[in-house]
Amino acid sequence: MSLLKTIDTHPSSAPHESAPPPERLISGNPAFKTWAQDVARGDMIRTGVWEATPGETRSIKGETFEFCHILSGIVELTPEGGEPAVYKAGDSFVMKPGFVGVWKTMETVRKVYVIVT
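Residues numbered from 1 in each chain as written. Predicted model: local features only at pLDDT ≥ 70, side-chain atom pairs only at ≥ 80, totals over all residues. Heavy atoms only, no water.

As annotated in an unreviewed UniProt entry, the protein chain carries the name Cupin domain-containing protein and comes from Streptomyces gottesmaniae.

Right under this line is the structure:
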């Protein structure tokens, strides 16, 4: 097993397709695609590419830490009780454990993610 992993930002494999749970959907009809590309330390660290079509959902991280790097599209994240932040291609951000807020995909977004649970 190699200890170096290149993340394919335009994978040709079929993604896992999903939608937000009804209790988290705020508006729109967003569809999600996930190309999981690596796992480490059991299943504690997951890396891959994720894509979402426009819509608005409630984001609840619980005990999860997530690093995101936006490859394309535009999102607006509004932490509960906080001000909105807009992220676009080239931007990176972290949602720390305990994050609760609104994820609004304004333009179909694709990101590289690293999730630590």
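Anyway, onward from the coordinates.
J.: Describe the overall build of the protein chain, and please don't skip the residues or the numbers.
T.: On a plain count of helices and strands, the protein chain comes out with zero helices and nine strands. When its helices and strands are written in sequence order, the protein chain yields β-β-β-β-β-β-β-β-β. Per-residue burial over the protein chain gives 32% buried out of 117 residues. The contacts of the protein chain with a sequence gap of at least 6 include a subset with a gap of at least 24, amounting to 66%. On the protein chain, roughly 7,000 Å² of surface is accessible, and the fraction owed to carbon and sulfur atoms is 56%. Charged side chains of the protein chain number 12 positive and 14 negative; the gap between the two group centres comes to 3 Å. (Helix = DSSP H or I, 4+ residues; strand = E, 2+ residues; numbered from the N terminus. Buried < 20%, exposed > 50% of the residue type's maximum accessible area, 1.4 Å probe, protein only. Contact = heavy atoms within 4.5 Å. Areas by Shrake-Rupley, 256 points an atom, 1.4 Å probe, with all protein chains shown as cover. Lys, Arg positive; Asp, Glu negative; His and termini not counted. Charge placed at Lys NZ, Arg CZ, Asp CG, Glu CD.)

J.: Tell me about the UniProt feature "domain: (S)-ureidoglycine aminohydrolase cupin" (unreviewed entry) in the protein chain, residues and numbers included.
T.: UniProt marks residues 41-113 with the feature "domain: (S)-ureidoglycine aminohydrolase cupin" (unreviewed entry), using the numbering shown here. Along residues 41-113, the helical share is 0% and the strand share 70%, with 16 Å between the first and last C-alpha atoms. (UniProt positions renumbered as here; feature names shortened; annotations may be inferred.)

J.: I'd love a proper account of the pairing of strand β5 (residues 55-60), names of residues and values included.
T.: Residues Gly 55, Thr 57 and Ser 59 of β5 are buried on one face, while the alternating residues Glu 56, Arg 58 and Ile 60, pointing to the opposite face, are not. Pairing of strand β2 (residues 25-28) with β5 involves three bridges; the strand directions are antiparallel. Paired with Ser 27 across the two strands is Glu 56, which belongs to β5. Note that β5 and strand β9 (residues 100-116) share six bridges and pair antiparallel. Paired with Thr 57 across the strands is Trp 103, a residue of β9. (Pairing = 2+ DSSP bridges.)

J.: Could you give an account of the environment of Lys 88, with specific residues and numbers?
T.: Tracing the backbone through its elements, the reader meets Lys 88 in strand β7 (residues 85-88). Other than its neighbours up to four places away in sequence, Lys 88 contacts Ile 70, Gly 73 and Ile 74.

J.: Explain the nonpolar core to me, using residue names and the numbers behind them.
T.: With 14 residues, the main nonpolar core has Trp 50, Val 75, Leu 77, Phe 93, Met 95, Trp 103 and Val 109 as its most contacted residues. Listing elements by their share of this core, those giving two or more residues are β4 (45-52), β6 (65-79), β8 (92-95) and β9. Ignoring sequence-local partners within four residues, the contact set of Val 109 consists of Trp 50, Glu 51, Ala 52, Ile 70, Ser 72, Gly 73, Val 75 and Trp 103. (Core = buried A, V, L, I, M, F, W, Y, C linked by side-chain atoms within 4.5 Å.)

J.: Before we move on, could you go through the pattern of salt bridges and cite the residues and values that matter?
T.: All chains considered together, the criterion is met by five salt bridges. Taking the shortest distance from any N to any O, the salt bridge between Arg 110 and Glu 51 comes out at 2.8 Å. On the criterion of sequence distance, the pair formed by Arg 110 in strand β9 and Glu 51 in strand β4 is long-range, its members being 59 residues apart. Side by side, Arg 110 and Glu 51 carry an identical accessibility label, which is buried. Put simply, Glu 66 and Lys 61 hold a salt bridge, and the shortest N to O gap is 2.5 Å. (Salt bridge = Lys/Arg side-chain N within 4 Å of Asp/Glu carboxyl O.)

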